[in-house]
Amino acid sequence: MGVWQKELITGLLLFLTVLIVGAMTGLLMPLTLLLTLGILMRQLLQINRFEKWIRAGGRAKYPKTSGIWEEIYYHVYRIKKNEKKRKKKLSRMVDQFRQSTEALPDAAVVLGPNDEIEWANKAAREVFGLQPSDKGQRIPNLIRFPEFIRYLKSGNYSEAVILPSPVNNRITLAVRIIAYGAGLRLLLAQDVTELKKMERMRKDFVANVSHELRTPLTVLKGYLETLQDMDDGESPLLTTSFQQMQGQTERMQHLVDDLLLLTRLETQQKKTECVNVPALLSQICKEAETMKGKASAPHLYAVGGVPARIELSMETDAHIVGEEQELRSAFTNLLGNALKYSPEDSVVKVHWYRSTDSIVLDVEDQGEGIAAADIPRVTERFYRSEVKRIKKVGGTGLGLAIVKHVLMRHEAKLNIASELGKGSCFSCHFPLKRVCN
Ligand code: ADP
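A short tour of the structure in this document, coming up. These numbers come from a predicted model, not from an experiment. (Residues numbered from 1 in each chain as written. Predicted model: local features only at pLDDT ≥ 70, side-chain atom pairs only at ≥ 80, totals over all residues. Heavy atoms only, no water.)

### A few points about the sheet that holds strand 5 (residues 184–191)
Next, step 1: Pairing in this open sheet of five strands is antiparallel, and the strands run 2-1-5-4-3 from one edge to the other. Because the sheet does not close on itself, it has two edges, and the strands there are strand 2 (117–120) and strand 3 (161–164). The mean angle between the axes of side-by-side strands here comes to 30°, regardless of whether they run parallel or antiparallel.
Next, step 2: The pairing of strand 4 (residues 172–180) with strand 5 spans eight bridges and is antiparallel. The residue bridging I177 from the neighbouring strand is L187, located in strand 5. (Pairing = 2+ DSSP bridges. Helix = DSSP H or I, 4+ residues; strand = E, 2+ residues; numbered from the N terminus. Axes fitted to C-alpha atoms, helices over the stretch in contact; angles between N-to-C directions.)

Structural data, given as structure tokens:
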């Protein structure tokens, strides 16, 4: 039988008893009143006890009672106990999380909606020199590097910003912000000092080697030219050997030139001028049509003349803020590739136009195309598809790496759309803010 039924039956039995006794004694009314008052008083007393218990936090074991009140006490007590357990578990989890983030080698700072510091781990306190009293302080007041402040304000946190540590400028940090929750952001800083050092060593090494290779190459080329001049053509073996040597020294010269250009792109300060891109494109296309066996893509024009394969269309006269020589290298590489990797009787389209949000250069060919899996890799240094290596198609594998670097320095993006057997379209998207005429 349920507690409620028991409680009801007890009440009914009490009233029945009072009815019988009242009828027998003629005191029905006073007795009923007395019983009602008794029941009311009992309930009031129970409520009072319950209120005292719950006011004390309901933590202690509940007072001894019976009936429906025992049930009420039991359920409230159980809810409280479960809540306590959950709280304990939660605080254990928070502790574990804090301990693990404290032990993280990377600095982590939780930022509030107004860039104020809500929490920082040990590494953050060390590399940013934060004090416990800095809690609540706005982070731009403590990390004052302009590039960091710009990054924080920009709201675009897709890439990290590289900064020296404010307490030790020999430490280089890659700082990144991750937005989460309602207006909260997590600032993460990783020590990339070693990585940057190795990157610098790699750059220096490539720059030095390429530079040092220039002199012996020039000497070799000089002697080779003299020997070729002396060749009377009597020995075919000697003649083809000279030709191959010349081809290879030229290839090496291209490699060295491309490596030096890449080094310059990585290390040199950006110069800016207003570049007349339409004029530049006309010139590059003209050069490509007329250069026979020379210049940047010798393998293309080695035999015979060049048919008028290039279709140049310019819908806009937009000039771009940038560096002319760099843009020239990038565009020449794209055009050179389009001509090199498509049949000699096919058309290569060069299109300069304005789209909704950028100024675009499309270089489109009807050539062999690039496999979908290769597309993300073609801009890597020295990346050349296996077919090119096997077929020994001329090239350094550095052209698109140069294009990527040049575009990066011009805040532009490279899009590659390609289908095997149909052709490729390389699009350079320049932001509208770069337009300068
Ligand atoms: P290279 O042309 O000297 O090999 P690049 O860096 O210019 O080096 O190009 C890398 C690779 O990308 C090429 O080897 C080729 O496989 C592929 N590629 C580049 N442009 C095209 C194109 N227009 N059509 C097909 N494949 C291309």
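Here the narrative resumes.
### Remarks on the pattern of salt bridges
Next, step 1: Considering all chains together, one arrives at 16 salt bridges under this definition.
Next, step 2: As a salt-bridge pair, E326 and R409 come within 2.9 Å of each other at their nearest N and O atoms. Of this pair, E326 sits in helix 10 (residues 324–340) while R409 sits in helix 12 (residues 399–409); the two residues are 83 residues apart in sequence, bridging distant segments of the chain.
Next, step 3: Taking the relative accessible area as the measure of exposure, R409 reaches 10% and is therefore buried.
Next, step 4: One salt bridge connects E411 with R434, and the closest N-O pair in it is separated by 2.9 Å. Here R434 lies in the segment after strand 12 (423–431) and E411 lies in the loop between helix 12 and strand 11 (413–419), a separation of 23 residues in the sequence.
Next, step 5: Overlapping salt bridges, with partners in common, bring together D115, R138 and R185 in one network. (Salt bridge = Lys/Arg side-chain N within 4 Å of Asp/Glu carboxyl O. Buried < 20%, exposed > 50% of the residue type's maximum accessible area, 1.4 Å probe, protein only.)

### Examining the packing of helix 1 (residues 3–25) against helix 3 (residues 67–103)
Next, step 1: Orientation of helix 1 relative to helix 3, taken along the N-to-C sense of each, is 150°, at an axis distance of 8 Å. For the element pair helix 1 / helix 3, the angle class is roughly antiparallel. Contacts from V3, W4 and E7 in helix 1 reach G67, I68 and E71 in helix 3.
Next, step 2: Here the residues of the contact of helix 1 with helix 3 are counted per class, giving three nonpolar, one polar and two charged. (Parallel < 35°, antiparallel > 145°, perpendicular 65-115°, else oblique. Contact = heavy atoms within 4.5 Å. Nonpolar A, V, L, I, M, F, W, Y, C, P; charged D, E, K, R; others polar.)

### Focus: the site of the ligand
Next, step 1: Not every one of the 20 residues close to the ligand is listed here, only the nearest: N337, Y341, R384, T396 and L400.
Next, step 2: Between the ligand and N337, the relevant distance is 2.8 Å, taken from an oxygen atom to a side-chain nitrogen or oxygen of the residue.
Next, step 3: Between G399 and the ligand, the recorded distance is 3.2 Å, taken from a backbone N or O atom to an oxygen atom.
Next, step 4: Against a free-state accessible area of 530 Å², the protein chains account for coverage of 97% of the ligand.
Next, step 5: Looking at the shell around the ligand, the elements with two or more residues in it are helix 10, helix 12 and strand 12.
Next, step 6: No other element matches helix 10, which puts three residues into the shell around the ligand.
Next, step 7: Here the residues of the shell around the ligand sort into eight nonpolar, eight polar and four charged. (Near = heavy atom within 4 Å. Polar contact = N/O pair within 3.5 Å; in protein donor to acceptor, adjacent residues only side chain to side chain. Areas by Shrake-Rupley, 256 points an atom, 1.4 Å probe, with all protein chains shown as cover.)

### Describing the state of the cysteines
Next, step 1: Throughout the structure, instances matching the rule amount to one disulfide.
Next, step 2: Disulfide partner of C274: C436, at an S-S distance of 1.9 Å. Classification of the bridge connecting C274 and C436 rests on its S-S torsion, roughly 90°, and on that basis the disulfide is right-handed. Of the two residues, C274 sits in strand 6 (residues 273–275) while C436 sits in the segment after strand 12, which places them 162 residues apart along the sequence. (Disulfide = S-S within 2.5 Å.)

### Looking at helix 7 (residues 236–267)
Next, step 1: For helix 7, built from 32 residues, the straight-helix expectation of 46 Å at 1.5 Å per residue is met to within 8% by its first-to-last C-alpha distance of 46 Å.
Next, step 2: Of all the positions in helix 7, only F242, T249, Q253, V256, D258, L259, L260, L261, L262, T263 and L265 are classed as buried.
Next, step 3: Packing partners of the buried residues in helix 7 comprise helix 6 (193–230), helix 10 and helix 12. (Expected span 1.5 Å × (residues − 1).)

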